[in-house]
Amino acid sequence: MYLQEPYLLLTVQPVTSANGYLLEKFLLILQEKENQFGQRVEKKLIIPPNVVVKASKSGKSGGEKHHAFLTEVLRPLVGKKFLLFLDCWKTQADLTKFRAVSPNQNSQLLIFPEGSTGYIQPQDLSLFRSWRFIHKKIEHYIHINRTEMTISNRQYFINVHSIIHNQLSAPAFTNLIKNGFVQAGITNETIGQIEKPKDVCFRFYDLFCSVNNCNERTLLMCVWCKKSLCYYHLVEDLHLHF
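Summarised in this report is the structure supplied together with it. (Residues numbered from 1 in each chain as written. Predicted model: local features only at pLDDT ≥ 70, side-chain atom pairs only at ≥ 80, totals over all residues. Heavy atoms only, no water.)

Describing unusual backbone geometry
Its identity as a non-glycine residue notwithstanding, asparagine 35 has a phi of 70°, on the positive side. Inspection of the secondary structure puts asparagine 35 in the loop between β3 (26-31) and α1 (39-44). Not every positive phi belongs to a glycine, and lysine 226 is a case in point at roughly 65°. Accessibility expressed as a relative area gives 47% for lysine 226, which makes it partly exposed. (Helix = DSSP H or I, 4+ residues; strand = E, 2+ residues; numbered from the N terminus. Buried < 20%, exposed > 50% of the residue type's maximum accessible area, 1.4 Å probe, protein only.)

As structure tokens, then:
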């Protein structure tokens with residue numbers, strides 16, 4: 001998933017399973033002029049445990065970044081036998097590279113035909129809509145409340161997407177993720193009620209942050225602990241559950 005931010009272009013690449021799980025880590029690629037982070041910048045960055053952060057000139061993936069996705073995100077989280085669905089982008093559809101990364105796994109690649117992503121890609125049909133929805137809510141809150149950020153732009157984007165991933169990893173959204181596979185025709189499972197972030201995270205009655213002595217307006221209600229949190233206690237304090 002590519003996102004155009006006010007300051008840069010970035011790529012978010014999570015992994016979902018047909019049984020409704022959002023795997024523990026995802027790849028985040030930030031746009032950097034030199035195709036990598038400078039030593040000073042890299043030292044200052046705080047990388048949450050659920051994200052692998054890389055940099056590229058375009059903010060998009062390439063051969064090296066896809067290799068990082070396979071080795072640092074996918075391989076540690078899957079079993080010896082799995083079927084991986086991918087878009088038809090040539091770099092990631094290379095079976096030779098895929099086999100080189102997982103030579104001892106009984107794994108298979110299934111590549112979606114060109115032009116079919118919006119119709120049969122499970123993440124496009126469920127997860128990414130919710131991911132963008134939460135992201136827009138955070139951006140809107142910051143704009144409306146004229147919130148002053150005390151962290152760098154890079155750290156802000158890392159924190160925001162780490163939090164979105166963590167929220168969508170909650171059991172409440174299992175059916176939401178499953179539904180993408182059902183809509184794509186990959187599974188025919190009958191699923192129960194589908195909870196969406198707008199009803200779970202953004203329908204709250206505490207207008208102010210529930211953290212002691214905080215008078216900031218609520219941004220989101222955590223799906224895990226049900227606390228009402230402002231921007232600072234959600235994003236800058238990096239409110240995560242594992």
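Observations concerning the pattern of salt bridges
By the definition in use, this model includes five salt bridges. When the shortest N-O distance is used, the salt bridge between lysine 54 and glutamate 72 registers 3.2 Å. Pair noted here: lysine 54 is in strand β4 (residues 51-56) and glutamate 72 is in helix α2 (residues 63-74), with a separation of 18 residues, a long-range link. Two residues, lysine 65 and glutamate 64, come together in a salt bridge whose shortest N-O distance is 3.9 Å. Here lysine 65 falls in the buried class, since its relative accessible area comes to 7%. Look at glutamate 64 and you get exposed, because its relative accessible area is 60%. (Salt bridge = Lys/Arg side-chain N within 4 Å of Asp/Glu carboxyl O.)

Remarks on the state of the cysteines
Taken as a whole and assessed by the stated rule, the structure comprises zero disulfides. Between cysteine 214, a free cysteine, and cysteine 230, which holds the nearest cysteine sulfur, the sulfur-to-sulfur gap is 3.7 Å. Residue class for cysteine 214 comes out buried when judged on its relative accessible area of 12%. (Disulfide = S-S within 2.5 Å.)

Description of helix α6 (residues 127-144)
Here α6 contains 18 residues, and its C-alpha end-to-end distance of 26 Å stays within 8% of the 26 Å for a straight helix at 1.5 Å per residue. Residues of α6 that are buried: Leu127, Phe128, Ser130, Trp131, Ile134, His135, Ile138, Tyr141 and Ile142. Phi turns positive, to about 50°, at arginine 146, one or two residues after α6. (Expected span 1.5 Å × (residues − 1).)

A few points about the environment of valine 51
Mapped onto the elements, valine 51 comes out in strand β4. Each C-alpha atom of the pair valine 51 and valine 73 lies 8.4 Å from the other, and the pair is 22 residues apart in sequence. For valine 51, the contacting residues outside a window of four places in its chain are Phe26, Leu28 and Ile158. (Contact = heavy atoms within 4.5 Å.)

Description of the packing of aromatic side chains
Overall, the coordinates contain six aromatic pairs when judged by the stated rule. Seen in terms of ring centroids, phenylalanine 85 and phenylalanine 112 are 5.8 Å apart; in terms of plane orientation they differ by 15°. Their pairing is stacked. Of this pair, phenylalanine 85 sits in strand β5 (residues 81-86) while phenylalanine 112 sits in the loop between β6 (106-111) and α4 (117-120), and the two are 27 residues apart along the sequence. Residue phenylalanine 85 is classed as partly exposed on the basis of its relative accessible area of 23%. A relative accessible area of 4% places phenylalanine 112 in the buried class. Centre to centre, the rings of tyrosine 156 and tyrosine 231 are 6.5 Å apart; their planes meet at 40°, and the pair counts as tilted. Here the residue tyrosine 156 occupies a position in helix α7 (residues 153-168), and tyrosine 231 occupies one in helix α10 (residues 231-236), the gap between them amounting to 75 residues. A residue is classified by how much of its surface remains accessible, and tyrosine 156, at 3% relative accessible area, is buried. (Phe/Tyr/Trp six-rings, centres within 6.5 Å; stacked < 30°, edge-to-face > 60°.)

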